[in-house]
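Residue-level structural notes
Now for the letters of each chain:
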Amino acid sequence: MSFRISSMEEYREVYRKSVEQPEAFWAEIAGSFLWKKKWDRVLDWNFKEPDIRWFSGGTLNITENCLDRHLETRADQPAIIWEPNDPEEHHRVLTYRQLHQKVCLFANVLKNNGAKKGDRICIYMPMVPELAIAVLACARIGAVHSVVFGGFSAQSIADRIQDAQCELVITADGGFRGNKEVPLKNVIDDALVQCPSVRRVIVLTRNRTPVSMIKGRDVWWEDEIKKAETLGMLDCPAEEMDAEDMLFILYTSGSTGKPKGVVHTCGGYMVYTGYTFKTVFQYEPGDVHFCTADIGWITGHSYIVYGPLSQGATTLIFEGVPTWPDAGRFWDVVDKFKVNVLYTAPTAIRSLMQSGLEYVEGHDLSSLKVLGSVGEPINQEAWHWYHEHIGKKRCPVVDTWWQTETGGILISPIAGVTPAKPSYATLPLPGVQPVLVDEKGEEIEGNGVSGNLCIRFPWPGMLRTTYGDHERCRTNYFAAYDNLYFTGDGCLRDEDGYYRITGRVDDVINVSGHRIGTAEVENAINMHSDVIESAVVGFPHDIKGQGIYAFVISEQHLNDSDLTAKDIAMTVSRIIGPIARPDKIQFVPGLPKTRSGKIMRRILRKIAEGDLVNLGDTSTLLDPSVVDEIRNGRIA
Ligand code: PRX
């Protein structure tokens, strides 16, 4: 079946069908994938428990959809193009045939190292093709991957490994990020001190930094590949998976201290990412798709690896950063590989915009057909810059709204079809039923309204549970409002029925498109020996979207507040990772608390934003005078 929607009339027709007959709609789409056994039932669900099952009784392996089924038609087409961090190093191209061979071989390596269906495997790697190979090899044998972004600290990795009880870790000696080297294996070694479940670590050679290899535990990727080759273990049949078997876990921050392991399953996730990839970007065979996210985040899972590969696309993996060696790096890559679809984050756009047009000039960007944005609200200025200077006003911009939990894009323009409105994610994709509710959970109908964004009906890519704690999944997403999935986002629906996401309404900050829980940062700050208590809020940041503002009560800062602030920032880097490092740390004599001891974050948020006048009602505070002191000491 073709996923092409070529006009608004067609969109409205498809959308109507998808709401009136969701099962027939999704069955038709699922039918375009390769199943080992067809499903018995399209959908069983209730949002109470929640219990959501798509394509029950069906069996498949997602890697057969991403690899094997393309061998007849496009074995020699590039599946992955890889551009290294350093432009002086050679790029690599893997055709579908080569990728298939490499995945099978590494899947056998995993088996040789004792991995089997259902085992959890932690992947902590740089953005090299072997990261995608490792992910697919896990899926090939039915092992559950848990990819941890290379910027997380040893403590964060240890928490995630323990939570999932991983038995294997796949990593590299180190990686490159701009002009820096990251010591991945060292970080893993630190993490594993706390992780007795891990019996094997497979280490890829990337930057040849010295590492310590522990006897009986650590092996080299390259040695293991040679062994498997010598044994002639070239082929690896794909494990037959139930549609609802777990495919992967991906940890994400919520409003409580501990990250949650969002669980996605094989069948629904495959169908949803494949469908949305094709539909939103209107991908055409032969196009080069460049998603700049890291595979450590959901965007990389869905729109670098699984979505594009299941549709036989050419996906570009870029190891580096947008601003090194200079701010023209993305445009070098677009020009060099004649990229057709560019999918990036507002943070990157804003930072490149600030660097100036001279970095864009001199690059041929005429291959671009579609531009995408993801991860955070895109401001009008960035939208226009992207549209004008990168897309030369020829390319539709798709502002795609979705979440780790949703698996794939839910609200977005369809490229070239949906009339855009800067800063609007526009309309729901077929199969997606958004609802706005007020504080009491009453649905807000009509247009020109705003409220909390919920989804009324299941879609195949939605999360099924949070690993090891189903109750947490229920309370986080399904308990706030009856029979609705609650996204945690605020949203407005304008006169045209267009949706605009206004940001999180819970205690989650979106820093450069990365979700960080305020409670997590507070826990990390409080680990510093001088800290008595802290409260963290977000504030508007020109480049990052939101920055982290920490109010800290400490005894020591009176001696040397600059040093203490640096120490605290360092503690957060160590405990969570550099992405959670506060931008501003203000030492305060106390925090604004109610008589029951609850911190009034609303007031702190206002102060952090610089709104020092409209602080609202402070009469319920235990000690209203503390507000004046905090206000006076605000860091601009
Ligand atoms: O607040 C929304 C914001 O990012 C959150 C999801 O973060 P994460 O699970 O890390 O996934 C990011 C990549 C899909 C959402 O709750 N967000 C994501 N996309 C947009 C967005 N906010 C506004 N506009 C978007 N296009």
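Since this is a predicted model, take the numbers as computed values, not measurements.

Reading the values: rules and limits
- Residues numbered from 1 in each chain as written.
- Predicted model: local features only at pLDDT ≥ 70, side-chain atom pairs only at ≥ 80, totals over all residues.
- Heavy atoms only, no water.
- Helix = DSSP H or I, 4+ residues; strand = E, 2+ residues; numbered from the N terminus.
- Rg over C-alpha atoms; globule rule 2.2 N^0.38 Å.
- Buried < 20%, exposed > 50% of the residue type's maximum accessible area, 1.4 Å probe, protein only.
- Areas by Shrake-Rupley, 256 points an atom, 1.4 Å probe, with all protein chains shown as cover.
- Lys, Arg positive; Asp, Glu negative; His and termini not counted.
- Charge placed at Lys NZ, Arg CZ, Asp CG, Glu CD.
- Pairing = 2+ DSSP bridges.
- Axes fitted to C-alpha atoms, helices over the stretch in contact; angles between N-to-C directions.
- Disulfide = S-S within 2.5 Å.
- Near = heavy atom within 4 Å.
- Polar contact = N/O pair within 3.5 Å; in protein donor to acceptor, adjacent residues only side chain to side chain.
- Nonpolar A, V, L, I, M, F, W, Y, C, P; charged D, E, K, R; others polar.
- 1 Å grid on protein atoms, 1.4 Å probe; cavity = no way out; pocket = protein on both sides within 12 Å on 5 of 7 lines; lining within 4 Å.
- Points joined across faces, edges and corners; volume = space filled by probe spheres on them.
- Parallel < 35°, antiparallel > 145°, perpendicular 65-115°, else oblique.
- Contact = heavy atoms within 4.5 Å.
- Left-handed = near helix turned anticlockwise from the far one by under 90°.
- Domains from an automatic or database assignment.
- Buried area = accessible area lost by both parts, 1.4 Å probe.
- Salt bridge = Lys/Arg side-chain N within 4 Å of Asp/Glu carboxyl O.
- Expected span 1.5 Å × (residues − 1).

**Examining the overall build of the chain**
When you go through the chain residue by residue, the secondary structure sums to 19 helices and 30 strands. Radius of gyration (C-alpha) of the chain: 24 Å, near the 26 Å computed for a compact globule of 636 residues. Across its three principal directions, the C-alpha atoms of the chain cover 75 × 60 × 55 Å. Counting the 636 residues in the chain, one finds 61% classified as buried. Surface summary for the chain: the accessible area is close to 23900 Å², and the carbon and sulfur share equals 48%. Of the side-chain charges in the chain, 67 are positive and 83 negative, and the distance between the mean point of each set is 2 Å.

**Points about the sheet that holds strand E16 (residues 288-291)**
Adjacent strands of a sheet form backbone hydrogen bonds with each other and so pair up, either parallel or antiparallel. On the basis of which strands lie adjacent, the open sheet formed by seven strands has the order E5-E4-E17-E16-E18-E19-E20 and mixed pairing. Since the sheet does not close on itself, it has two edges, and those belong to strand E5 (92-95) and strand E20 (397-400), each with one partner. Taking each pair of neighbouring strands and ignoring which way they run, the sheet shows an average axis angle of 20°. Both E16 and strand E18 (residues 341-344) contribute to a ladder of three bridges, which runs parallel. Note that in E18 the partner of Phe290 across the bridge is Leu342.

**Examining the state of the cysteines**
In total, this model carries zero disulfides according to the counting rule given. This cysteine, Cys195, is not joined by any disulfide, and Cys166 carries the nearest cysteine sulfur, 8.3 Å off. Cys454 supplies the cysteine sulfur nearest to Cys491, a cysteine that is in no disulfide, at a spacing of 10 Å. Cys491 gets classed as buried once you look at its relative accessible area, which sits at 2%.

**With respect to the site of the ligand**
In the region of the ligand, 17 residues are neighbours, and Asp399, Thr400, Thr404, Asp489 and Arg515 sit closest. Interatomic distance of 3.3 Å between a side-chain N/O atom of Asn510 and an oxygen atom of the ligand. The protein chains hide 96% of the 540 Å² of surface that the ligand would expose on its own. Residue assignment for the shell around the ligand shows that the elements contributing at least two residues are helix H11 (298-310), E20 and strand E25 (499-504). Taken together, the residues of the shell around the ligand break down into six nonpolar, six polar and five charged.

**Let's talk about the layout of surface pockets**
In this structure, the second largest pocket occupies an estimated 250 Å³ of space. Taken together, 13 residues form the lining of the second largest pocket, with Tyr15, Pro428, Gln433, Pro434 and Tyr499 sitting closest to its centre. With four residues, helix H1 (residues 8-20) is the largest single contributor of residues to the lining of the second largest pocket. Split into classes, the residues belonging to the lining of the second largest pocket amount to seven nonpolar, three polar and three charged.

**Some points on the packing of helix H5 (residues 96-112) against helix H9 (residues 221-230)**
Where H5 meets H9, the closest approach of the two axes is 9 Å, and the angle between their N-to-C directions is 100°. Considered as vectors, H5 and H9 are oriented roughly perpendicular to each other. Of H9, the residues touching H5 (which contributes Leu105, Phe106, Val109 and Asn112) are Trp221, Glu224, Ile225, Ala228 and Glu229. Considered class by class, the residues forming the contact of H5 with H9 number six nonpolar, one polar and two charged.

**Side note on the packing of helix H16 (residues 518-526) against helix H17 (residues 561-575)**
Relative placement of two packed helices is described by the angle separating their axes and the distance separating the axes. In contact at an axis separation of 8 Å, H16 and H17 are set at 120° when each is read in the N-to-C sense. Compared by their axis directions, H16 and H17 come out oblique. In this structure, H16 meets H17 at a crossing whose hand is right-handed. Residues Val521, Ala524 and Ile525 of H16 lie in contact with H17, whose contacting residues are Ile568, Thr571, Val572 and Ile575. Residue classes in the contact of H16 with H17 are distributed as six nonpolar, one polar and no charged.

**Some details on the domain arrangement of the chain**
With domains assigned, the chain is organised as domain 1 (8-321 + 400-450) and domain 2 (508-632). Here the C-alpha centroids of domain 1 and domain 2 sit 34 Å apart. Taken together, the contacts link 18 residues of domain 1 with 15 residues of domain 2. Together, the buried faces of domain 1 and domain 2 total about 1100 Å²; carbon and sulfur atoms form 50% of this surface. Of all residues in domain 1, Ser253, Gly257 and Trp297 bury the most surface against domain 2, accounting for 37% of the area lost on that side. Between the two partners, domain 1 and domain 2, sit one salt bridge. Note that Glu405 is salt-bridged to Arg515, the shortest N-O span being 2.9 Å. Partitioning the side of domain 1 that touches domain 2 into residue classes produces four nonpolar, 12 polar and two charged.

**A closer look at the sheet that holds strand E22 (residues 449-455)**
An order of E21-E22-E24-E25 is seen for the four strands of this open sheet, with the pairing classed as antiparallel. Each edge of the sheet is formed by a strand with only one pairing partner; in this case those strands are strand E21 (434-437) and E25. Direction aside, the axes of adjacent strands within the sheet are offset by 45° on average. The pairing of E22 with strand E24 (residues 485-493) spans six bridges and is antiparallel. Each residue of the ladder has a partner; that of Cys454, found in E24, is Phe486.

**A short note on H17**
Here H17 spans 21 Å end to end across 15 residues, near enough to the 21 Å set by a 1.5 Å rise per residue. Listing the buried residues of H17 in full gives Thr564, Ala565, Ile568, Ala569, Thr571, Val572 and Ser573. Buried positions along H17 lie against H16, strand E28 (531-541), strand E29 (545-554) and strand E30 (584-587). Positive backbone phi, approximately 145°, marks Gly577, located one or two places after H17.

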